[in-house]
Amino acid sequence: MTSRPRDGGLPGAVAAEWTKLWSLRSTWWTLAGAFALCGLMTSILATDTVHDNTNELTQDDPGVLVTSDLVVAAIDIVQFVVLGLAILTITGEYATGSIRTTLQAVPPRGRVLAAKAAVVTAVVFPLGVLLGLTGTAVASVLMGEWGRTTLAQTLGDSLAIGAYLALISVFMLGVGALLRSTAATLTLSFLLLMALPMLLTNAGVPLVRHVGDALPSAAGRYFMNGEDSPYAPAAGLAILVAWAVAATVAARTSMRRRDA
Amino acid sequence: MIELRELTKRYGDKTAVHDLTLTVEPGKITGFLGPNGAGKSTTMRMILGLDRPTSGTALIDGRPYAAFPHPLREVGALLDAKALHPGRSARAHLVALARSNGIPTARVDEALETVGLAAVARRRAGTFSLGMGQRLGIAGALLGDPRVLLFDEPVNGLDPDGVLWVRRLMRTLAAEGRTVFVSSHLMSEMELTADRLVVIGKGRLIADAPVAEVIARSSRNAVRLRSPRADLLPPHLPDADIRRTGPDTLTISGVPIERLGMLCHELGVPVLELSPQAASLEEAYMELTGGSVEYGVRGKADAR
Ligand SMILES: Nc1ncnc2c1ncn2[C@@H]1O[C@H](COP(=O)(O)OP(=O)(O)O)[C@@H](O)[C@H]1O
Ligand SMILES: [Mg+2]
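In every chain, residue numbers begin from 1 and rise along the written sequence. Ligands are numbered from 1 and chains lettered from A, in the order in which they are written. The predicted origin of the model limits local features to residues at a pLDDT of at least 70 and limits the giving and counting of side-chain atom pairs to 80 or more, whereas totals for whole chains, interfaces and linings rest on all residues. The basis for every side-chain value is the complete set of heavy atoms in the structure, and neither hydrogens nor water enter the calculation.

## Comments concerning the overall build of chain B
At step 1: Only runs of H or I of at least four residues qualify as helices and only runs of E of at least two qualify as strands under DSSP, and these elements are numbered from the N terminus. Helix and strand counts for chain B come out as 10 helices and 13 strands.
At step 2: Its C-alpha atoms give chain B principal-axis dimensions of roughly 80 × 40 × 35 Å.
At step 3: In chain B, which comprises 304 residues, the proportion classed as buried is 52%.
At step 4: Using a 1.4 Å probe, the Shrake-Rupley method yields the accessible areas, and only the shown protein chains count as cover for residues. When the accessible surface of chain B is summed, it comes to about 13,500 Å², and 51% of that surface belongs to carbon and sulfur atoms.
At step 5: Only four residue types enter the tally: Lys and Arg on the positive side, Asp and Glu on the negative side, with His and both chain ends excluded. Note that the charge is assigned to NZ on lysines, CZ on arginines, CG on aspartates and CD on glutamates. Each charge sign in chain B was given a centre, from 38 positive and 35 negative side chains, and these centres are 6 Å apart. Remark: exposure states derive from per-residue accessible area (1.4 Å probe, protein chains only) relative to the maximum for the residue type, with buried under 20%, exposed over 50%, and partly exposed in between.

Okay, structure coming up:
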């Protein structure tokens, strides 16, 4: 992607977005932050597990856990750092006015969104996989005998984390293009990914629970962590893809209609 | 060539551009003139497909902007020098633009050289002065070697050297046969650069003519009359705009100099001086836009 595209088009737009992403210091800070927070969260969860297993109380013992499951749990928090990166690729341009320069260079709105989604995916998917692997490594060291680590499980969970983060990032990228404001988009991501699932999945009314299960965060959790879920992991993945596609299509319609 | 046909833009119930029809031709500099809020920037944004016209069309070489596969190679534009990410270096900003349109990155260094920013190419754009930002915006406009160029208030924030440089650059671009459309709210600036003037006020076309014609048509093309008995004249000139500009001097506009000469003869007024006073472009402009100042304290601005 560093070679010179001779012909613009979608490859050119992708190359431009790639250049823009890596020429901002904030990108590097965000990546470092994601690793730091993931390490911190898994360390806390791992030492908690060890503590609960070794204290006097026996009724709180979780027993031996799959280490990569702890990382999946940590992603609940870590995802917001990663989402910050994805959201800023669009809301940062609206905030600075540079969206106009972007659209001057690449007028088709769909192409701009596709290019941004491609770059976000190309960065966030490997990032998620690496977070999964390093997080598991940290957890397995800290958990010792209380952690169970198999290569297959670790790889599977890490790939799932990468896929979840990439899809949820593309979804929030679309939401960012709809709302255009960094603060509004981040707030909505908290509501949608943290607050709302907690409210809905604990609801007594089945219909409300079903709605809660269809939210992107719930779909992601069932996809990454198959236990006691109402549907198969593959269905979770499909629901996530549907959210990402829907947000991107809505964003394209909005960008076509509204003034830049 | 840029063609606007009945171009109209409303924001809510505010009409920013009203029924604008005009053609901007290649090979010359067309000045786009109007007071602040007249609708210049809005028009340029519509030409570039950034704002959707409420009605009407804006075409470049017969096509809407969005129809160009590599728009930066066809149309270069500096709209807002601040429309870039402050955290990105000048060079990275241009490299991204070049990549998006399949422009060789070697052009980036050429463009930086042209605008005199080569030495600060790796500095973050956020640390640039307004003038440096303008230069970077101009580098972006020149990047794709386009045949059509739009500049929105390009000399804003430039030092006198920079202003001269921009003028010379626009001259060169027009002499190369390119279409140059440049906006300003200052007539004095356009007087020195433009070949043709498009004047708008409150979103409406006021004048579209060669610079010389705009001046010639001005009713401020007055006649100066010096006579010890000058006071005899005004009662005979009910339609004229007459100002006393000296103890025995009147400046009269709206009346041909020939009629004044005859009138003096008929009234037996001794004439010490009778001379045409060409209006300055600035005066012609004030007169044209006097009734259409959006944010002005000028008395003529209509109170609506
Ligand atoms: N996005 C917008 N929303 C609402 N009003 C706008 C918008 N952009 C411009 N206007 C209004 O349209 C008019 C023309 O503005 P503009 O094109 O910026 O004028 P100029 O560039 O000639 O100074 C002004 O009254 C301005 O307030
Ligand atoms: Mg303006």
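Next, the rest of the story.
## What to know about the sheet that holds strand 1 (residues 2-11) of chain B
Residue and element names in this part refer to chain B.
At step 1: Paired strands, as defined in this entry, are two strands with at least two bridges between them according to DSSP. Sheet architecture is open: three strands sit in the order 2-1-4, paired in antiparallel fashion. Lying at the two open borders of the sheet, with one neighbouring strand each, are strand 2 (14-24) and strand 4 (55-60). With strand direction ignored, the average angle separating the axes of adjacent strands in the sheet is 20 degrees.
At step 2: Taken together, the seven bridges between strand 1 and strand 2 define a ladder with antiparallel strand orientation. Paired with isoleucine 2 across the bridge in strand 2 is valine 24.
At step 3: For this analysis, residues touch if any pair of their heavy atoms sits within 4.5 Å. Whenever a helix is involved, its axis is fitted only over the stretch in contact; in every case the axis is a line through C-alpha atoms, and angles between N-to-C directions fall within 0 to 180 degrees. Strands in contact with helix 1 (residues 40-47) are strand 1, strand 2 and strand 4; relative to strand 1, the strand with the most contacts, it is inclined by about 115 degrees.

## A short note on the interface of chain A and chain B
At step 1: At the interface, 32 residues of chain A touch 37 residues of chain B.
At step 2: Summing both sides of the interface, chain A and chain B together bury roughly 2,700 Å²; the carbon and sulfur share of this comes to 54%.
At step 3: Each reported salt bridge corresponds to a side-chain nitrogen of Lys or Arg within 4 Å of a carboxyl oxygen of Asp or Glu. Here chain A is connected to chain B by one salt bridge.
At step 4: Between Lys9(B) and Asp259(A) there is a salt bridge, and its shortest N-O distance comes to 2.9 Å.
At step 5: For this analysis, a polar contact is any N or O atom pair within 3.5 Å, provided that within protein one partner can donate a hydrogen and the other can accept it, and provided that sequence-adjacent residues contribute only side-chain to side-chain pairs. Linking chain A with chain B are 12 residue pairs in polar contact (both at pLDDT 80 or more).
At step 6: Broken down by secondary-structure element, the contributors of at least two residues to the side of chain A that touches chain B are helix 1 (9-22), helix 4 (98-105), helix 5 (109-143) and helix 10 (233-257) of chain A.
At step 7: In terms of residue count, the dominant contributor to the side of chain A that touches chain B is helix 1 of chain A (seven residues). The term buried area refers to how much accessible surface (probe radius 1.4 Å) is lost by two components on association, counted for both of them together.

## A few points about the pairing of strand 9 (residues 204-210) of chain B
Residue and element names in this part refer to chain B.
At step 1: Taken together, the six bridges between strand 8 (residues 196-201) and strand 9 define a ladder with antiparallel strand orientation. Residue glycine 201 lies in a different strand from strand 9, and its bridge partner there is arginine 204.
At step 2: Once strand 8 ends, the chain turns through two residues before running back antiparallel as strand 9, passing lysine 202 with a positive phi of about 50 degrees.

## Overview of the domain arrangement of chain B
The parts lose accessible area when they come together, and the size of an interface is often stated as this lost area.
At step 1: Delimitation of the domains relies on an automatic or database domain assignment. Split by domain assignment, chain B resolves into domain 1 (2-216) and domain 2 (222-277).
At step 2: Placing the centre of domain 1 of chain B and that of domain 2 of chain B at their C-alpha centroids yields a distance of 45 Å.

## Overview of the confidence of the model for chain B
At step 1: Predictor confidence is given residue by residue as pLDDT, running from a minimum of 0 to a maximum of 100. Of all residues in chain B, 92% have pLDDT values of 70 or greater, and the mean over the chain is 89.
At step 2: A low-confidence stretch, residues 295-304 of chain B stays under pLDDT 50, and its non-local contacts, those more than four residues away or across chains, total 14 contacts.

## Some remarks on the packing of aromatic side chains
At step 1: Pairing of aromatic rings covers Phe, Tyr and the six-membered ring of Trp, with a centre-to-centre limit of 6.5 Å; geometry is then stacked below 30 degrees between planes, edge-to-face above 60, and tilted otherwise. Within the structure shown, the criterion is met by six aromatic pairs over all chains.
At step 2: Ring centres 4.3 Å apart and planes at 20 degrees place the aromatic pair Phe80(A) and Phe190(A) in the stacked group. Pair noted here: Phe80(A) is in helix 3 (residues 67-96) and Phe190(A) is in helix 7 (residues 182-201), with a separation of 110 residues, a long-range link.
At step 3: Stacked on the ring of Trp165(B), the Lys or Arg Arg135(B) has its end atom at 4.8 Å from the ring centre. Counted as over-ring charges are cases with an Arg CZ or a Lys NZ within 6 Å of the ring centre that also lie within 35 degrees of the ring normal.

## Structural notes on a nonpolar patch on the surface
At step 1: The grouping of Phe35(A), Leu130(A), Leu133(A), Leu151(A) and Leu155(A) at the surface amounts to a nonpolar patch, some 450 Å² of accessible area in total.
At step 2: Relative to the assigned elements, Leu130(A) resides in helix 5. Patch building starts from residues that exceed 30% relative accessible area and form no salt bridge, then joins like charges within 9 Å and nonpolar side chains (Val, Leu, Ile, Met, Phe, Trp, Tyr) within 5 Å.

## Considerations on the pattern of salt bridges
Residue and element names in this part refer to chain B.
At step 1: Scanning the entire structure with this criterion turns up 22 salt bridges over all chains.
At step 2: Residues glutamate 74 and arginine 147 are paired through a salt bridge, measuring 2.7 Å at the closest nitrogen-oxygen approach. In this pair, glutamate 74 sits in helix 2 (residues 71-74) while arginine 147 sits in the loop between helix 5 (130-142) and strand 6 (148-152), placing the two residues 73 residues apart along the sequence.
At step 3: Residue class for arginine 147 comes out partly exposed when judged on its relative accessible area of 46%.
At step 4: Arginine 167 is paired through a salt bridge with glutamate 189; the nearest N and O atoms lie 3.1 Å apart. Taken together, the positions of arginine 167 in helix 6 (residues 160-175) and glutamate 189 in helix 7 (residues 187-193) put the pair 22 residues apart, joining distant regions of the chain.
At step 5: Accessibility expressed as a relative area gives 9% for glutamate 189, which makes it buried.

## Remarks on the nonpolar core
At step 1: Grouped together as the largest cluster of nonpolar side chains are 140 residues, with contacts concentrated most on Leu165(A), Ile2(B), Ile138(B), Leu150(B), Phe151(B) and Leu197(B).
At step 2: When residues in this core are grouped by element, the largest group, 14 residues, is from helix 6 (residues 151-179) of chain A.
At step 3: Among all residues touching Ile138(B), those that are not within four sequence positions of it are Leu78(B), Val115(B), Phe151(B), Trp165(B), Val166(B) and Leu169(B).
At step 4: Counting residues in hydrophobic clusters, the runner-up holds 13 residues, among them Leu225(B), Leu237(B), Ile252(B) and Val269(B). Buried Ala, Val, Leu, Ile, Met, Phe, Trp, Tyr and Cys residues that are joined via side-chain atoms within 4.5 Å together make up what is termed a nonpolar core.

## Details of the pairing of strand 8 of chain B
Residues and elements named next belong to chain B.
At step 1: Summarising burial for strand 8: five of the six residues are buried, a large majority.
At step 2: Relative to strand 8, strand 3 (residues 29-33) is paired through four bridges, and the arrangement is parallel. Residue pairing in the sheet places threonine 30 in a bridge with arginine 196 of strand 8.

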